[in-house]
Amino acid sequence: MVTYFSEIYHGLISLFIGMAITFKEFFKPTVTVAYPYETLTMCDRYRGHTELIENEEGKPNCVVCGLCEKACPSGCITLAGEKPEGEKKKVLTTYILDFTRCSLCGSCVESCNFNALTFSKEYNLASTRKEDFIFDLLKRLEERNK
Amino acid sequence: MRLTLLNVIVAVVIAIGFAALNAAYLVWAERRGAARIQRRPGPNINGPFGLLQPPLDGIKLMAKQLTIPGGADKVLFIAAPVLAMFPAIMSFVTIPFSETIVAKNMNVGVLMIFAFASMGGMSLVFAGWSSRNKYAMMSSVRAVSQAVAYEIPMLITTITVVMISGSMDLMEIVRQQSGSILHWNIFPLLGNSHNILMPMSFLIFFTCTLAETNRAPFDLGEAESELVAGFHTEYGSMGFGLFFMGEYANIVIGSCMTTILFLGGWNAPLPFLGFIPGVFWFLLKLYLLIATFIWIRWTFPRTTIYGLLNLSWKILIPLSLFNLLFTAGLIKVF
Ligand code: SF4
Ligand code: SF4
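Residues numbered from 1 in each chain as written. Chains lettered and ligands numbered in written order. Predicted model: local features only at pLDDT ≥ 70, side-chain atom pairs only at ≥ 80, totals over all residues. Heavy atoms only, no water.

Attention now moves to the confidence of the model for chain B. All names here are of chain B. Model confidence for chain B is summarised by a mean pLDDT of 81, while 96% of its residues fall at 70 or above. For chain B, helix 8 (residues 224-227) is the element with the lowest average pLDDT, namely 75, and helix 10 (residues 278-297) is the one with the highest, namely 86. The ipTM, which scores confidence in the relative placement of chains, is 0.71 for this predicted complex, and the corresponding pTM is 0.76. (pLDDT = per-residue confidence, 0-100. Helix = DSSP H or I, 4+ residues; strand = E, 2+ residues; numbered from the N terminus.)

The following block contains the structure:
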């Protein structure tokens, strides 16, 4: 009999405690943003698809060593470069990232010794076509610099 | 007021208007309130504060096609949503909003409201049965056991109040609670109840109202996580719209009844505030109760069917029965 009433009593009290919590939450400011109109900046460690880092002249830092291509476990990266007449270093001509297979593991970023590759903060990636996820990173770099 | 055809029609039109307006804007209030509790803004795009959301939702629902599943019982399938809405609207006719604002006062008002309220349960059974859908079927089975379980303590508690007032007339019940906040039936001291268990009765009645209107945490009839949408799984268009409006209209009726039976109806809480019209106090109490409904829904998770039936049969019914006998004893002694 005593347990019966104490159970009712404690149950009832716990209900009021719950209601007090939601009552307090009601008056706190909202924490979400109206997404398409406002967006949050992504945190530092967010991993979007990879992108090339540029030097001061706006050219990619990449020296076409091919280490990232080898490091990628999924074979997402296809790159090519050429050595123009009279230059010492190779110049990147294509860098294709097949994002449909990328697992964002970060091996490519880690393997790059020339500070040429990093994760972007891009997350608005929705499309109905597969081709939209095969990124030409060199073109993206140029577009960024426009 | 004489009962002529004209004022019956006027009363019904006003009742439908009031019910529909409340249903529409309670949905808005519910969504905004839920959002605030979850710390989101809620619907705020259409119109100021999202106030145009309910009419737009209504237009969307009306523009949809009403499909009837193959093999369904057509007559019952169409009758069910109407039956969900109609008892609530009928009940408005006898609810006194103030000393003067009442469509038709009856000396068996309490009885009439409970008679119509029990018909509301039928709509769930009809909908579940006629949909030819196993989820809807399970939902209506649950709804029946729930309605049986919660109508009993609710009626016993109502009988307690009726015994204290000595009348089934809603206006008379309210009149007996006039004076001040301490004369209301919820508080035992100055009123004619002298019963220290009345706050408990209020809680029992309020809990039963929650269960009767199938609101969370007692919304086992809908239980999206188990039963898709329960009894209205197969309803689209305004069939669904009517169920939805019926739910909110029932909330309004339930809150009206709680206000009348326990919170002194249109009476002002303190005598010197009596110059403010009664309808203001009535609506204030009504909407505070409705806000509590919304608040409760977004605080507690859904109970289990066992928890629900245990609560009724093991706690609410014994306690309300005890209070009934206790009140009878008190009336005999004093
Ligand atoms: S993150 Fe991993 S999977 Fe993606 S491109 Fe780099 S190495 Fe390949
Ligand atoms: S590892 Fe770095 S420098 Fe080498 S090819 Fe890849 S991005 Fe270019």
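Right, picking up where we left off after that structure.
Moving on, we get to the sheet that holds strand 2 (residues 77-82) of chain A. Residues and elements named next belong to chain A. With respect to topology, three strands assemble into an open sheet ordered 2-3-5, the strand pairing being antiparallel. The sheet is open, and its two edges are formed by strand 2 and strand 5 (134-136), each paired on a single side. Each strand of the sheet is rotated relative to its neighbour by a mean of 15 degrees, with strand direction disregarded. In this sheet, strand 5 lies alongside strand 3 (residues 91-98) in antiparallel orientation, the contact comprising three bridges. Its bridge partner lying in strand 5, Ile96 is registered against Asp136. (Pairing = 2+ DSSP bridges. Axes fitted to C-alpha atoms, helices over the stretch in contact; angles between N-to-C directions.)

All names here are of chain B. Running from N to C, helix 5 (residues 134-165) and helix 7 (residues 198-212) point in directions that differ by 145 degrees, and their axes come no closer than 9 Å. Every pair of crossing elements has a handedness; the one defined by helix 5 and helix 7 is left-handed. Here helix 5 contributes Gln146, Ala147, Tyr150, Glu151, Pro153, Met154, Thr157, Thr158, Val161 and Ile164 to the contact with helix 7, which in turn contributes Met198, Ser201, Ile204, Phe205, Cys208, Thr209, Ala211 and Glu212. Class assignment of the residues belonging to the contact of helix 5 with helix 7 gives a composition of eleven nonpolar, five polar and two charged. (Left-handed = near helix turned anticlockwise from the far one by under 90°. Contact = heavy atoms within 4.5 Å. Nonpolar A, V, L, I, M, F, W, Y, C, P; charged D, E, K, R; others polar.)

A contiguous nonpolar surface patch, about 430 Å² in accessible area, is contributed by Ile181(B), Leu182(B), Phe187(B), Leu270(B) and Phe272(B). Tracing the sequence through the fold places Phe272(B) in the loop between helix 9 (237-262) and helix 10. (Patch = residues over 30% accessible without salt bridge, like charges linked within 9 Å, V, L, I, M, F, W, Y side chains within 5 Å. Areas by Shrake-Rupley, 256 points an atom, 1.4 Å probe, with all protein chains shown as cover. Salt bridge = Lys/Arg side-chain N within 4 Å of Asp/Glu carboxyl O.)

Turning our attention to the interface of chain A and chain B. Counting from both sides, the interface comprises 18 residues of chain A and, opposite them, 18 residues of chain B. In terms of surface lost to chain B, no three residues of chain A exceed Met19(A), Thr22(A) and Phe26(A), which account for 32% of the buried area on that side. The interface formed by chain A and chain B includes one salt bridge. For the salt bridge of Arg39(B) with Glu25(A), the shortest nitrogen-to-oxygen distance reads 4.0 Å. The interface formed by chain A and chain B contains eight residue pairs in polar contact (both at pLDDT 80 or more). (Buried area = accessible area lost by both parts, 1.4 Å probe. Polar contact = N/O pair within 3.5 Å; in protein donor to acceptor, adjacent residues only side chain to side chain.)

Further remarks concern unusual backbone geometry. Even without glycine at this site, Val64(A) takes up a positive phi of about 60 degrees. Relative to the helices and strands, Val64(A) resides in the loop between strand 1 (50-52) and helix 2 (67-71). For Arg132(B), which is not a glycine, the phi torsion comes out positive at approximately 55 degrees. Note on Arg132(B): relative accessible area 62%, which makes it exposed. (Buried < 20%, exposed > 50% of the residue type's maximum accessible area, 1.4 Å probe, protein only.)

Once that is clear, we can look at the packing of aromatic side chains. Evaluation of the coordinates by the stated rule reveals 19 aromatic pairs over all chains. Where Phe202(B) meets Phe206(B), the ring centres are 6.1 Å apart and the plane angle is 20 degrees; that geometry is what we call stacked. Residue Phe202(B) and its partner Phe206(B) are both found in helix 7; the two are separated by four residues, about one turn of the helix. As far as burial versus exposure is concerned, Phe202(B) and Phe206(B) are alike and both buried. One residue, Arg140(A), lies across the ring of Phe135(A), its end atom 4.1 Å from the ring centre. We note Arg36(B) situated over the ring of Phe26(A); from NZ or CZ to the ring centre the distance is 6.0 Å. (Phe/Tyr/Trp six-rings, centres within 6.5 Å; stacked < 30°, edge-to-face > 60°. Lys NZ or Arg CZ within 6 Å of the ring centre and 35° of its normal.)

The subject of this paragraph is the site of ligand 2. Around ligand 2 sit Cys62(A), Val63(A), Val64(A), Cys65(A), Gly66(A), Leu67(A), Cys68(A), Leu79(A), Cys112(A), Phe114(A) and Ala116(A), and that is every residue in its neighbourhood. For the shell around ligand 2, the class distribution of residues is ten nonpolar, one polar and no charged. (Near = heavy atom within 4 Å.)

Attention now goes to the nonpolar core. Proteins that are soluble and globular tend to have nonpolar side chains buried together. Ranked by internal contacts, the top residues of the largest apolar core, which has 63 residues, are Ile95(B), Tyr150(B), Met257(B), Phe262(B) and Phe282(B). If you tally residues by element for this core, the top one is helix 9 of chain B, at ten residues. Counting residues in hydrophobic clusters, the runner-up holds 20 residues, among them Cys68(A), Tyr95(A), Phe99(A) and Cys112(A). (Core = buried A, V, L, I, M, F, W, Y, C linked by side-chain atoms within 4.5 Å.)

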